[in-house]
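Structural description and commentary
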Amino acid sequence: MEILTMPGHVIRRLNQMSTQVFAARMQKEGIDLTPVQFAALDAIRTSPGLDQASIAACIAYDRATIGGVIERLLQKGYVERIVSDRDRRARVITLSPQGEQAYARILPVVMALQDDILSGLSSSEKDIFMALTAKVLEV
């Protein structure tokens, strides 16, 4: 099949597999979190005090739908929206104490599932894959 030689198709399939692995592991651990929600939590933890647009930029997610991601994290009690110190009209997002605890519990699970995503590769092949991915993404 020609489609199997097309990077776009293969990348989409890899994304599907990655998402399935993430969802299965989260469900097994009793954690209600999507990959995008985790990415947002990680960005918020790494750079506290970002606004929603900045979080979207950090995780390469569209600004139009990041609001829903943040809203679900607010509902779970993982983040708080507070008035910015720099601009009283702006709201920034920070991890709540519950979010800090959740992140500490979730991070090891997410780190462990990374090997499952690339389970068909050796350690050195995983390093090559990540180096090539970074090159394509220019990071």
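Residues numbered from 1 in each chain as written. Predicted model: local features only at pLDDT ≥ 70, side-chain atom pairs only at ≥ 80, totals over all residues. Heavy atoms only, no water.

1. Considering the packing of aromatic side chains
Inclusion rule: Only the six-membered ring of Trp is used, alongside the rings of Phe and Tyr, when aromatic pairs are assigned; centres must lie within 6.5 Å, and planes under 30 degrees apart are stacked while those over 60 apart are edge-to-face, with the rest tilted. Per the convention used, a helix needs a DSSP run of H or I reaching at least four residues, while a strand needs a run of E reaching at least two, with both numbered from the N terminus. Classification of residues uses two cut-offs on accessible area relative to the type maximum, computed with a 1.4 Å probe and protein chains only: under 20% is buried, over 50% is exposed, and between them is partly exposed.
This model, assessed by the stated rule, comprises 1 aromatic pair. Between F38 and Y103 the ring centres are 5.8 Å apart and the planes differ by 5°, which places this aromatic pair in the stacked class. Of this pair, F38 sits in helix α2 (residues 35–46) while Y103 sits in helix α5 (residues 97–117); the two residues are 65 residues apart in sequence, bridging distant segments of the chain. Since its relative accessible area comes to 10%, F38 is described here as buried.

2. Comments concerning helix α1 (residues 7–29)
An α-helical turn contains 3.6 residues, so any two residues separated by three or four positions project in the same direction. Formally: To estimate the expected span of a helix, subtract one from its residue number and multiply by 1.5 Å. Throughout, a residue-residue contact means that at least one pair of heavy atoms, one from each residue, lies within 4.5 Å.
End to end, α1 covers 33 Å across 23 residues, agreeing with the expected 33 Å (1.5 Å per residue, within 8%). Within α1, the full set of buried residues consists of H9, F22, R25 and M26. Contact partners of the buried residues in α1: α2 and α5. Phi turns positive one or two residues past the end of α1, at G30, with a value near 75°.

3. Side note on the pattern of salt bridges
Selection criterion: When a carboxyl oxygen of Asp or Glu is within 4 Å of a side-chain nitrogen of Lys or Arg, the pair counts as a salt bridge.
Taken as a whole, this structure holds 5 salt bridges when the rule is applied. With a closest N to O distance of 2.1 Å, D116 and R25 form a salt bridge. Here D116, found in helix α5, pairs with R25, found in helix α1; they are 91 residues apart in sequence, far enough to count as distant.

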